[in-house]
Amino acid sequence: MELTNGEKKLVEELLNSFDRSHDKIELFRSQLFTSIETSEKLAPHIHSLKSRVKDREHLRKKLIRKIAECREIGKEFNITPDNLLLKLNDLAGVRILHLYTRQISKIDEGLKEIFKEQRYGLIEGPIARTWDDESRAFFKSCGIKIQKSDTMYTSVHYVVGSASRSKTTCEIQVRTLMEEVWGEVDHQINYPVPTSVLASREQLKVLARVTSSATRLVDSIFLTHGDATS
């Protein structure tokens with residue numbers, strides 16, 4: 001998409017604002033990551049953690065996509081240098097990977113305990129983005145809101161705000177290792193621009209079903225193991 005001169009100028013202003021705020025974003029990311037990594041309550045339920053601050057060029061592409069989306073539907077693009085850190089909640093991200101589905105309830109409890117202790121504001125979530133009916137029923141039973149995922153993406157999302165006067169936000173994603181496999185493959189092929197290759201789109205749908213089945217098998221293994229050792 002070809003930007004107007006005004007849009008090009010705005011994108012550069014937003015990127016410069018991001019550069020000026022980078023240290024603050026990184027500090028909040030680091031504090032949140034450390035709180036999760038060192039939590040004794042979370043430790044038994046987490047397999048591994050990932051974390052990052054958004055790359056500048058990836059941010060440029062995202063801003064251009066958002067401008068194009070707003071232009072297409074006739075909506076005003078309302079991100080400014082002053083509200084960038086609040087409007088874009090994925091400038092910093094933490095991803096929590098766990099083994100089986102039932103662990104999400106304990107992870108949710110542990111995260112909310114951290115938010116309360118560190119005075120982080122829970123801006124959004126938890127929201128479970130899922131395409132699977134059985135998963136939706138489970139998340140509802142845990143008191144987690146549901147958002148239908150037409151792309152077959154599956155993850156539980158939180159957006160938290162820092163305790164500082166000058167607010168910044170961070171997105172937390174929680175998913176199983178099997179869901180991570182699908183997510184990583186889809187990200188390589190289907191993001192940020194959806195693939196035009198029909199075979200690849202169909203194969204990604206098959207992979208989503210395979211990884212969902214694998215997650216259920218892992219769930220069953222741990223449920224059976226728990227019954228056997230209780």
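In every chain, residue numbers begin from 1 and rise along the written sequence. Predicted model: local features are reported for residues with pLDDT of at least 70 only, side-chain atom pairs are reported and counted for 80 or more only, and whole-chain, interface and lining totals are derived from all residues. Here the side-chain values reflect all heavy atoms present in the structure, with hydrogen atoms and water set aside.

## Considering the overall build of the chain
To keep it simple, the criterion reads: Every helix listed is a DSSP run of H or I at least four residues long, and every strand listed is a run of E at least two residues long, numbered separately from the N terminus. Throughout, radius of gyration means the C-alpha value; the globule benchmark is 2.2 Å times the number of residues raised to the power 0.38. To sort residues, take the accessible area from a 1.4 Å probe on protein chains only and compare it with the maximum for the residue type: under 20% means buried, over 50% means exposed, and anything in between is partly exposed. Only heavy atoms enter the contact rule, under which two residues are in contact if any of them lie within 4.5 Å. The protein chains shown are the only cover counted for residues, whose accessible areas, like all others here, come from Shrake-Rupley with a 1.4 Å probe.
Each helix and strand counted, the chain has 7 helices and 6 strands in total. Ordered by position from the N terminus, the helices and strands of the chain form the series α-β-α-α-β-α-β-α-β-β-β-α-α. Scaling as 2.2 N^0.38, a compact globule of 230 residues should have a C-alpha radius of gyration of about 17 Å, and the chain matches this with 19 Å. In the chain, which comprises 230 residues, the share counted as buried stands at 41%. Summarising the internal contacts of the chain: among those between residues at least 6 apart in sequence, 72% fall at separations of at least 24. Roughly 13,100 Å² of accessible area belongs to the chain as shown, and the carbon and sulfur atoms make up 52% of that amount.

## With respect to the sheet that holds strand E6 (residues 169-176)
Selection rule: For two strands to pair, DSSP has to find at least two bridges joining them. All axes are obtained by fitting lines to C-alpha atoms, using only the stretch in contact for helices, and the reported angles, taken between N-to-C directions, cover 0 to 180 degrees.
Strand order in the open sheet formed by 6 strands is E1-E2-E6-E5-E3-E4, and the pairing between neighbours is mixed. Two strands lie at the open edges of the sheet, namely strand E1 (48-53) and strand E4 (145-148), each paired on one side alone. If you compare each strand with its neighbour and ignore which way they point, the axes differ by 25° on average. Relative to E4, strand E3 (residues 121-130) runs parallel, the two being bridged by 4 bridges. Paired with Arg129 across the bridge in E4 is Gln147. Packing against the sheet, helix H6 (residues 177-190) makes contact with E1, strand E2 (92-98) and E6, and its axis sits at approximately 115° to E6.

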